[in-house]
Amino acid sequence: MTAPLLALLDGSLADVTHPLIRADDLGVVRGDGVFDAALARRGPDGEGFVRDRDAHLDRLARSAAILQLPEPDRAGFGRAMDALVAAWDFDAQPEAVIRLVLTRGPESGGEPTAFALMAPISAGVLRERAEGVSITLLGRGHDGDEVASMPWLLPGAKSLSYSINMAAKRHAAQRGFDDVVFVSPAGQLLEGPTSTLVVDRGGRLLTPPQDGILASLTLEHLMAAAPGAGIEVAFERLEPADLLASDGAWLLSSGRLVAAVTSVDGTELPRSPLDETVRRLLDAESENV
């Protein structure tokens, strides 16, 4: 596996094994910062590129604004991504994830910490993209529209405080599931810890409203491309019964792109008749699969 690459905002590469962040950095001691993750892959011309590059920079800036962080250095993050893509061995690893990271910086004061890290797409992610995922439904403490009215809960921000999301995925794995979809106290389906849910109901693709939910760039891709294939994608409130009675479902994310949901809490789910079309619209075929 290709080793991770680290780039600074001046466009220089740094040794990923050498210290970069101070011990009192608020991103480390409090999770006080934001990040975004973009897929980098080799294009038809053989050159590497970052998928949805500008959209990821836009979302990083929105997340930073929600946390009242300084505006990210867009040009600097662009230089970092360019350096990573130029140095990456796409022959060895045709796909990778670039994480853009911005923290509040040292607790004692000073400049924010910013860098970009590039690592290969894991074999597990590629397997889930190809074979699908079993999911479990887990409760989340607030309804989406309730969270949207509470800015201190950071609705719509991709913050470094990811412990709850990762704990949910570990809990699922301990119970034999691949992933999670959260359910609100009112019984509405929400999102996954790192993904967006899309359900096929009679050929209409439905996804939960994004009140208090991180905007999905992969979903935006699908919504833009679907009309050309004669498919409607719409926001609609969904309950677990809607998922179980569906013609199929997927989890969407920037790295995994799309993974069909194979079962929900042990109940098998059919593979949607639109599965191949959705994969084509999202360009989810990979040289690694």
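What you see is a predicted model, and the numbers here were worked out from it, not measured in a lab. (Residues numbered from 1 in each chain as written. Predicted model: local features only at pLDDT ≥ 70, side-chain atom pairs only at ≥ 80, totals over all residues. Heavy atoms only, no water.)

### What about the overall build of the chain?
Scanning the chain from N- to C-terminus turns up nine helices and 14 strands. On C-alpha atoms alone, the chain measures out to a radius of gyration of 19 Å, which is about the 19 Å that the 2.2 N^0.38 rule sets for 289 residues. When its C-alpha atoms are laid out on the principal axes, the chain stretches across 50 × 45 × 35 Å. For the chain, the proportion of its 289 residues judged to be buried stands at 51%. A separation threshold of at least 6 residues defines the contact pool for the chain, and within that pool the share at least 24 residues apart is 72%. (Helix = DSSP H or I, 4+ residues; strand = E, 2+ residues; numbered from the N terminus. Rg over C-alpha atoms; globule rule 2.2 N^0.38 Å. Buried < 20%, exposed > 50% of the residue type's maximum accessible area, 1.4 Å probe, protein only. Contact = heavy atoms within 4.5 Å.)

### Some thoughts on the pairing of strand S8 (residues 179-183)
Along S8, five of the five residues are buried, which leaves the element largely enclosed by surrounding structure. Judged by which residues are buried, S8 turns out to be covered on both faces: Asp179, Val181 and Val183 on one side and Val180 and Phe182 on the other are all buried. Note: strand S7 (residues 133-139) against S8, five bridges, orientation parallel. If you follow leucine 138 over to S8, its bridge partner there is phenylalanine 182. (Pairing = 2+ DSSP bridges.)

### Observations concerning the pattern of salt bridges
For the structure on display, the rule yields 23 salt bridges. Notably, a salt bridge pairs arginine 53 with aspartate 82, separated by 2.8 Å at the nearest N-O pair. Of this pair, arginine 53 sits in helix H2 (residues 53-66) while aspartate 82 sits in helix H3 (residues 74-87); the two residues are 29 residues apart in sequence, bridging distant segments of the chain. One network of salt bridges, in which partners are shared, links Arg201, Arg204, Glu232, Glu236 and Asp242. (Salt bridge = Lys/Arg side-chain N within 4 Å of Asp/Glu carboxyl O.)

### A closer look at the sheet that holds strand S2 (residues 13-14)
Strand order in this open sheet of six strands is S2-S1-S6-S5-S3-S4, and the pairing throughout is antiparallel. Sheet topology places S2 and strand S4 (48-50) at the edges, where each strand pairs with a single neighbour. Looking at chain direction, strand S5 (residues 95-103) and strand S6 (residues 113-120) are connected through eight bridges and run antiparallel. In the strand pairing of S6, isoleucine 98 is matched with methionine 118. Across the face of the sheet, H2 comes into contact with strand S3 (33-42), S4 and S5 while running at roughly 175 degrees to S3. (Axes fitted to C-alpha atoms, helices over the stretch in contact; angles between N-to-C directions.)

### Some words on unusual backbone geometry
With phi around 70 degrees, leucine 257 is a residue other than glycine that occupies positive phi space. As for its placement among the helices and strands, leucine 257 is situated in strand S13 (residues 257-264). Positive phi values are uncommon outside glycine, yet aspartate 283 reaches one of about 55 degrees. Here aspartate 283 shows up in the segment after helix H9 (275-281).

### With respect to the nonpolar core
If you look at the biggest cluster of nonpolar residues, it comprises 25 residues, and the most contacted ones within it are Val34, Val50, Phe77, Ile98, Leu100 and Met118. Residue assignment for this core shows that the elements contributing at least two residues are S3, H2, H3, S5 and S6. No other element matches H3, which puts five residues into this core. Residues within four places of isoleucine 98 in sequence aside, it is in contact with Asp36, Ala37, Ala38, Ala40, Val50, Met81, Leu84, Val85, Ala116, Leu117 and Met118. Listed in part, the 22 residues of the second largest apolar core include Ala37, Leu39, Leu126 and Leu282. (Core = buried A, V, L, I, M, F, W, Y, C linked by side-chain atoms within 4.5 Å.)

### Remarks on the pairing of S3
Within S3, nine of the ten residues are buried, leaving the element largely enclosed by the surrounding structure. Note: S3 against S5, nine bridges, orientation antiparallel. Following the sheet pairing, aspartate 36 is matched in S5 by leucine 100. Where S3 and S4 come together, three bridges link them in antiparallel fashion. Following the sheet pairing, alanine 40 is matched in S4 by valine 50. Joining the antiparallel neighbours S3 and S4 is a turn of five residues, in which glycine 46 adopts a positive phi near 90 degrees.

### Digging into H2
With 14 residues, H2 extends 20 Å from end C-alpha to end C-alpha; this agrees with the ideal 20 Å at 1.5 Å per step. Along H2, the residues that are buried comprise His56, Leu57, Arg59, Leu60, Ser63 and Ala64. Angular distribution of buried residues about the axis of H2 spans 160 degrees; they occupy a single face of the element. Positive backbone phi, at 55 degrees, marks glutamine 68, one or two positions downstream of H2. (Expected span 1.5 Å × (residues − 1). Arc of directions from axis to C-beta.)

### With respect to the packing of aromatic side chains
This model, assessed by the stated rule, comprises one aromatic pair. Where phenylalanine 35 meets tyrosine 162, the ring centres are 5.2 Å apart and the plane angle is 80 degrees; that geometry is what we call edge-to-face. Of this pair, phenylalanine 35 sits in strand S3 while tyrosine 162 sits in the loop between helix H5 (144-148) and helix H6 (163-174); the two residues are 127 residues apart in sequence, bridging distant segments of the chain. Judged by its relative accessible area of 11%, phenylalanine 35 is buried. A relative accessible area of 17% means that tyrosine 162 is categorised as buried. (Phe/Tyr/Trp six-rings, centres within 6.5 Å; stacked < 30°, edge-to-face > 60°.)

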